[in-house]
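# A look at the structure
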Amino acid sequence: MKNSDFIQMTQCNIHSIKFPVDNVKEVLEGATFEPADIYTTIELVKNPMTNTKVLELDNGLFFTLRTTFKKVTKELLSAKIYELKKSESLRDERMPKIVPNTDKEWRQIAEAHLLQVMPFSSELVNVFYSPEKELLFTNNRSKHSRLALKHLIKLFELAGFKSIVVSEEKLGLNTKLTKFLEKGEPLFKYLHFQHEATLRKLANDNEEFLTCRHLDTLEGKEKALGALQNGFRVQSMAMRYESEEAFIVNFKLDEHLKIRSMRFTEYADIARHLNGTREAHKHAILTEYLEGQLNALLKIASATVLEFTGETKLESFV
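I will try to describe carefully the structure that is included in this document.

Cut-offs used in this document
- Residues numbered from 1 in each chain as written.
- Predicted model: local features only at pLDDT ≥ 70, side-chain atom pairs only at ≥ 80, totals over all residues.
- Heavy atoms only, no water.
- Helix = DSSP H or I, 4+ residues; strand = E, 2+ residues; numbered from the N terminus.
- Contact = heavy atoms within 4.5 Å.
- Areas by Shrake-Rupley, 256 points an atom, 1.4 Å probe, with all protein chains shown as cover.
- Patch = residues over 30% accessible without salt bridge, like charges linked within 9 Å, V, L, I, M, F, W, Y side chains within 5 Å.
- Salt bridge = Lys/Arg side-chain N within 4 Å of Asp/Glu carboxyl O.
- Lys, Arg positive; Asp, Glu negative; His and termini not counted.
- Charge placed at Lys NZ, Arg CZ, Asp CG, Glu CD.
- Pairing = 2+ DSSP bridges.
- Axes fitted to C-alpha atoms, helices over the stretch in contact; angles between N-to-C directions.
- Buried < 20%, exposed > 50% of the residue type's maximum accessible area, 1.4 Å probe, protein only.

Glancing now at the overall build of the protein chain. A count of helical and extended segments in the protein chain gives nine helices and 13 strands. Contacts in the protein chain between residues far apart in sequence, at least 24 positions, make up 67% of those at least 6 positions apart. For the protein chain, the computed accessible surface area is about 17,800 Å², with 47% contributed by carbon and sulfur atoms.

Where like charges cluster on the molecular surface, the positive patch consists of Lys71, Lys143, Arg146, Lys150 and Lys154. Note on placement: Lys71 falls in the loop between strand E4 (60-69) and helix H2 (74-85).

As a further point, take the sheet that holds strand E12 (residues 259-264). Spatially, E9-E8-E10-E11-E12 is the arrangement adopted by the five strands of the open sheet, whose pairing is antiparallel. A single partner strand is all that each edge strand has here, and the edge strands are strand E9 (206-212) and E12. Each strand of the sheet is rotated relative to its neighbour by a mean of 15 degrees, with strand direction disregarded. Bridging between strand E8 (residues 191-203) and strand E10 (residues 233-242) involves seven bridges; their strand directions are antiparallel. Across the sheet, Leu191 pairs through a bridge with Tyr241, a residue of E10. The strands touched by helix H7 (residues 218-229) are E8, E9 and E10; relative to E9, the strand with the most contacts, the crossing angle is about 160 degrees.

Turning next to the pairing of E4. For E4, the buried fraction is high: nine of the ten residues fall into the buried class. Looking at chain direction, strand E2 (residues 41-44) and E4 are connected through four bridges and run antiparallel. Its bridge partner being in E4, Thr41 is matched across the sheet by Thr68. Judged from the four bridges that link them, strand E3 (residues 54-57) and E4 form a sheet pairing that is antiparallel. Residue Leu57 lies in a different strand from E4, and its bridge partner there is Gly60. In sequence, E3 turns back onto E4 through a hairpin of two residues.

Following this line, the structure appears as structure tokens:
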């Protein structure tokens, strides 16, 4: 694990949640989680640069969850099944003394063999929580990230997270883009459109994709408008957020308001400082950068998902 892992964020999930206690930080600091199974554990990691599990920021809290597990891939499973069928490995005394009759039984036996010898893997999930906005941001959408969040729910005895679900008609990204192209109307408050969009069209069970660039030019606008009039719909748009302190993040905003392909312009420099051998100022550098990340995420959320929460249903996350 590198120090820069604590600032890693290339995508973002946003959840609505209110922890039912006032001392959220203290509860997290003392948190222990039950193992998910014999090979899977979840823990809240102590940050080596702050020597704490939870970092208090101006607008919220930051912490990192780690899931440790054994990863059995489809490729490994297929190879092991082939090996077992061609060998006497089923006679291993540690394994159940049965001869598989179905594909499911072969998979179960192969997985049991693999779990005996595979090394452990781990995955980190960086989490921001804003008590004021009742929003929780994570940098990961994997199944192990979801598992870690389920254990966080259990810790606070909550029923679940909430994810904001907005109908396509209410989002109106196609309408927004059309108005921008025709009249120059801004797309989102606080955010800068990078004049690039990916459009998608479903025809005869086939998908067509069209990348439209230079949408600040007459030629680019005409190309995109023609495509929208011909049945294409917005799949994603290139956006940028820039704070007054010049903290900049570029990202893709997709048709479901998911934030993807995030690129923080300061990331490489900050990562180099945090991974360096000199220990001086790492705490301060980390804190300042995380403050910038959280503030950017709150502004992006305010301009996108929170703009549509009125008269919008909330759906259980788990």
